[in-house]
Each structure stands twice: as structure tokens, then as C-alpha cells.
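Listed below, chain by chain, are the residues.
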Amino acid sequence: MKIIENIIMKNVGKLPYERPFLKKLETGIPNKFGEQSQNALTTHIEGIAVKKLLNEYGSPLFVLSEKEISKTLQNAKLAFTSRYPKIQFAWPYKTNYLDAVCRLFHQQGSWAEVVSGFEYQKAIHNGVPGNKIIFNGPGKTELDLITAVENESLIHIDNFEELDNIICIAKASNKNPKVALRINMDAGIYPQWDRFGFNLENGQSREAIHKIMLSKNLELEGLHCHIGTFILSTEVYAVAARKLAELSLEIKNNYNYLIKYIDIGGGFASKNTLKGSMQNGCDLCPDFDDYAEAISSAILDSGLNTQELPLLILETGRALIDEAGCLLGTVVANKRLANGKCATIIDIGVNLLFTSFWYEHKITPAQESSSFTEDTVVYGPLCMNIDTIRENVNLPQLSKGNHVVIHHTGAYNMTQWLQFITLRPKVVMIDTQGKVHIIRENETTQSISYLERIPAHLDTVK
């Protein structure tokens, strides 16, 4: 017993064992992204220690930066307003519909863009006037349409059945609904997005326009397209903007009717890196100036009268908030796979980080670590084989209890997340003064069970 105590006392305070390694010095030789290999650390978020945030609010934890959101939005506005005279941003709720996030965008002048009755009600709850809500989507119910008509919202029509329904509602209500047509087209993206709206090339869009003009009950306010998602080519936006401008000219010539706005939709890429990409997203992604130059020039050069230029509406979401969010977590365990590769298990699963299915998210340690790094697979805690956060990332040796930061997680993860096996965590926002606010509480067993009902014959278990 005395021998064991002596061994324990001798090892107190010793550093953990690390296997020896040889590391080749490669002066000036970059990795495949053109970067020098280095062990990046993220110990603080907006000046607040990651460890402190996790100790206070729990792990895992979503963190949003109000300062980063505001700065990005102002940069986007400047890029477009310096090139085109009439600009309006509309925040797409599906990107992140936490009320605090939506209200931050609305306070800074953004309208609301929604795609369901649920999102529409959230916009109303957040104080958005009806006439500043754009109602998109293919699944609007009759009640949704009646509500939107009563509130004088801008209804973007997706199909002929919806168009007929709105005409009937207009006749019954003695109102003139404000509508726009969603147009799909060949803008040079393949596969072409033709599921939503009326096709331009096959004549459907012109048929819908003619039907609206003949109805005398609807006010055709605008033309809208959304040509794709995470679009890295600015040229396709130029094509889409030019085609919508030419269609508005055609409407003016044929019906002596002036379109009030062109809505170019969203789809701008964020700085994330797509799976399979040979370039880092930060290097590959166009900036707002690139998108603005392509879109604005196409409209201004289309032949439209400069005194009658339509309002340009932008529904970009991902590019405005992705970089403002990060997800903090903790290492659960490490192991060696059958092929000898290092595997690290963290408390963040794909149910929380839905975008891990298509992004190579940047992951950094939140504390000083070993200088030895190796290719590692990062797994989540779910009892599912698909629960892989990164299939391969170069990381230092991390111990149980160490913390990690997953970057660029602000878009879609807080709307597409799932309550599956684990409960969803808190979401906090750090304001411009460095104060932390809880903007969504973590789930509990009680909150999850609240909506459940147990039949009487299952009330007791023997």
C-alpha cells in the first residue's frame, strides 16, 4: 500500500504523456488551401472566455454576435446602395427565426420574408407591419392567404391554383391583394431550380401575368426569383436580374403597367467551405460588392427608364448571419479506430449542427493544446452512425473536458435542428457592449413532455 502511495505522490503534477513525434519544417509550403499549417485557438468570443460561457450557460452552447450581425448588414447595405438608388432588405425567417435575431434585423430596417403561416405569425408577433411582410412559399393555406390579404402583405404567387384562390378571395373580400409572381428561369445554374414559381422560358409566367391583368382584382406589385442556394457565381445573378428587368419592360409595353419592385431573392454564399471543395470558403466566396455589382449593373443596363427604376429587394439570409454564429462544445472521449485514425467524440451532434452534412466547418480548440496535430474524425454523441461532425480535420490532441469552437453556424442550424436523443441547448447573444443575453432557453424533459398526452389505460406501469 505504501508503494502505491509513493507512486501516486511522485506522479502528482506531472504532465500527461504524449508520444514522441518528428515534425517536418516546411518553410513557405502551404496546405491545399494556400495556408500555412498552424494550430489556431479560439479562447474568447467577443472578449468573453469560452470556458466562462460554457460554465455559466452549459455545454453545448450556441453563441451569436450582435456586433457581427450589424456590421455585416451595414456592409451589405453599403455595397448595394452605392450602386443602385432604391434598395430594401427582407430578413428570411427560415434562416434563423429566433425572435431576438429577427427583431435585430427589423430594427435596422429589414422587412420580413416568410414561407409559412407559422413564420407569418412570428413576423406579426415581432411587430412587422403587414405591408412589410413578403409571403413566399408553395404551401400557403386558404387561411394564410386570407390573413395576408387582410394585412395587405405582399403575396408571391407560386402556382396557378394559388392564383385562382387569391382571385376568389379578392372578389369575396372586395379587396385588391398586392401580389408578385415568383419566376423560375434558366440563369445558367444546373440543375435548374424549376420547382418554385412560374417558368419563364415555357410561357407559364406570361400566362400568369395575363391572367392577373384580366382579373382586375389583383395589384401586380413585383417580380421575384430565387435561382438557387450558396451561389458562388455572380454572373448568374446578372442573368436573372436582366431577365426580370426585361420582363417588367414587356409588361409595361403590353399592358401600360409599371412594376414597382424586382425581388432577386437570396442564395448568397457565406464563408463556410462546402464539402469536396478544394478551396477554402473564405477565399472562394464573392463578397457583397461582387454580388451588388452584377445585379445592379444588369438592371441599370436593361433599358429601364432611370426615372422609373423598380425597388430592388434582397432576401439574403445565410451571408448575413452565418459568420456571426458559433457553437461551443466539450470533448467527451477519444479513441483509435480500426485503421489507427484518431477519433474525438464531442457533445455536439448532427441534430444540432445540421449544416455539417454539407459544410466542412472550421473547428478550433478553446485552450492551449499540444503542438502535435494529426488527422482526426470528429463524432457527435448520438447513437447513430451518421453522427459525424467532420470526417477529417487536423487537430491537436484533445483530452476529455477540453472545449472546442465550431465556426460559422449562425444560418439554418437554429431552425433545422432536431430534438433527437439529446435536448437542444441554450442560445445566447452577445450585444455590442459585451453583455450576454439568453435568447432561447435550453430544453428540458418537462418542456419536451409538455405536449404529450397519456391514455388512461397507460397511466400506470406495473
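Rules of the game
- Residues numbered from 1 in each chain as written.
- Predicted model: local features only at pLDDT ≥ 70, side-chain atom pairs only at ≥ 80, totals over all residues.
- Heavy atoms only, no water.
- Helix = DSSP H or I, 4+ residues; strand = E, 2+ residues; numbered from the N terminus.
- Buried < 20%, exposed > 50% of the residue type's maximum accessible area, 1.4 Å probe, protein only.
- Contact = heavy atoms within 4.5 Å.
- Lys, Arg positive; Asp, Glu negative; His and termini not counted.
- Charge placed at Lys NZ, Arg CZ, Asp CG, Glu CD.
- 1 Å grid on protein atoms, 1.4 Å probe; cavity = no way out; pocket = protein on both sides within 12 Å on 5 of 7 lines; lining within 4 Å.
- Points joined across faces, edges and corners; volume = space filled by probe spheres on them.
- Nonpolar A, V, L, I, M, F, W, Y, C, P; charged D, E, K, R; others polar.
- Salt bridge = Lys/Arg side-chain N within 4 Å of Asp/Glu carboxyl O.
- Phe/Tyr/Trp six-rings, centres within 6.5 Å; stacked < 30°, edge-to-face > 60°.
- Disulfide = S-S within 2.5 Å.
- Core = buried A, V, L, I, M, F, W, Y, C linked by side-chain atoms within 4.5 Å.
- Patch = residues over 30% accessible without salt bridge, like charges linked within 9 Å, V, L, I, M, F, W, Y side chains within 5 Å.
- Areas by Shrake-Rupley, 256 points an atom, 1.4 Å probe, with all protein chains shown as cover.

Draft legend 1. Looking closely at the overall build of the chain. Counting secondary structure elements, the chain contains 14 helices and 20 strands. Seen through its C-alpha atoms, the chain measures out along the principal axes to roughly 100 × 70 × 45 Å. Per-residue burial for the chain yields a buried fraction of 50% across its 462 residues. Taking as baseline every contact in the chain between residues at least 6 positions apart, the subset at least 24 positions apart corresponds to 68%. Side chains of the chain carry 46 positive and 51 negative charges; the gap between the two charge centres is 6 Å.

Draft legend 2. Spatial organisation of the layout of surface pockets. Counted as a void, the second largest pocket has a volume near 440 Å³. Of the residues that constitute the lining of the second largest pocket, the class distribution is 7 nonpolar, 8 polar and 7 charged.

Draft legend 3. Spotlight on the pattern of salt bridges. According to the stated counting rule, one finds 20 salt bridges in the structure shown. Close ionic contact of Lys-275 with Glu-391 constitutes a salt bridge, the shortest N to O distance being 3.9 Å. Taken together, the residues span a long stretch of sequence, with Lys-275 in the loop between strand 11 (261-263) and helix 10 (281-284) and Glu-391 in strand 17 (residues 388-396) at a distance of 116 residues. Exposure remark for Lys-275: the relative accessible area of 32% places this residue in the partly exposed category. Look at the salt bridges and you will find they share partners, linking Arg-83, Asp-289 and Glu-293 into a network.

Draft legend 4. Summary view of the packing of aromatic side chains. The tally for this structure, following the rule as stated, stands at 16 aromatic pairs. Ring geometry for Phe-62 versus Trp-417: centroids 5.7 Å apart, planes at 75°, classification edge-to-face. Linking Phe-62 in strand 3 (residues 61-65) with Trp-417 in the loop between helix 13 (413-416) and strand 19 (427-430), this pair joins segments that are 355 residues apart in sequence. Each of the two residues, Phe-62 as well as Trp-417, counts as buried. Here a set of aromatic residues connected by ring pairs shows up, and it is made of Phe-80, Phe-89, Tyr-237, Phe-268, Phe-288 and Tyr-291.

Draft legend 5. Focus on the state of the cysteines. By the definition in use, this model includes 0 disulfides. Of all cysteine sulfurs, the one in Cys-285 lies closest to Cys-225, which takes part in no disulfide; the gap is 19 Å. Residue Cys-326 stays outside any disulfide, its sulfur separated by 14 Å from that of Cys-282, the closest cysteine.

Draft legend 6. Focus on unusual backbone geometry. For the bond running from Ser-59 to Pro-60, omega is 0°, close enough to zero to count as cis. Between Tyr-190 and Pro-191 the backbone carries a cis peptide bond, its omega angle lying at 0°. Tracing the backbone through its elements, the reader meets Pro-191 in the loop between strand 8 (178-184) and strand 9 (198-199). Although it is not a glycine, Glu-152 sits at a positive phi angle of roughly 60°. Structurally, the position occupied by Glu-152 is in the loop between helix 6 (142-150) and strand 7 (154-157). By relative accessible area, which is 44% here, Glu-152 ends up partly exposed.

Draft legend 7. Up close: the side chain of Thr-42. Positionally, Thr-42 belongs in the loop between helix 1 (2-11) and strand 1 (44-45). The class for Thr-42 is buried, based on a relative accessible area of 12%.

Draft legend 8. Quick peek at the nonpolar core. Ranked by size, the top nonpolar core spans 108 residues in total, and within it Phe-80, Leu-181, Ile-264 and Ile-295 carry the most contacts. No other element matches helix 9 (residues 235-255), which puts 10 residues into this core. Residue contacts for Ile-295: discarding those within four places in its chain leaves Phe-80, Tyr-237, Ala-241, Ile-264, Phe-268, Leu-312 and Leu-314. Core analysis: the second largest hydrophobic core is formed by 15 residues, Ile-45, Leu-53, Leu-61 and Leu-328 among them.

Draft legend 9. Inspection of a nonpolar patch on the surface at higher detail. On the surface, Phe-357, Met-384, Ile-386, Leu-418, Phe-420 and Ile-421 cluster together into a nonpolar patch covering about 560 Å² of accessible area. With respect to the helices and strands, Phe-357 occurs in the loop between strand 14 (342-346) and strand 15 (363-365). Phe-357 sits in the partly exposed class, given a relative accessible area of 39%.

None of this, on its own, says anything about what the molecule does.
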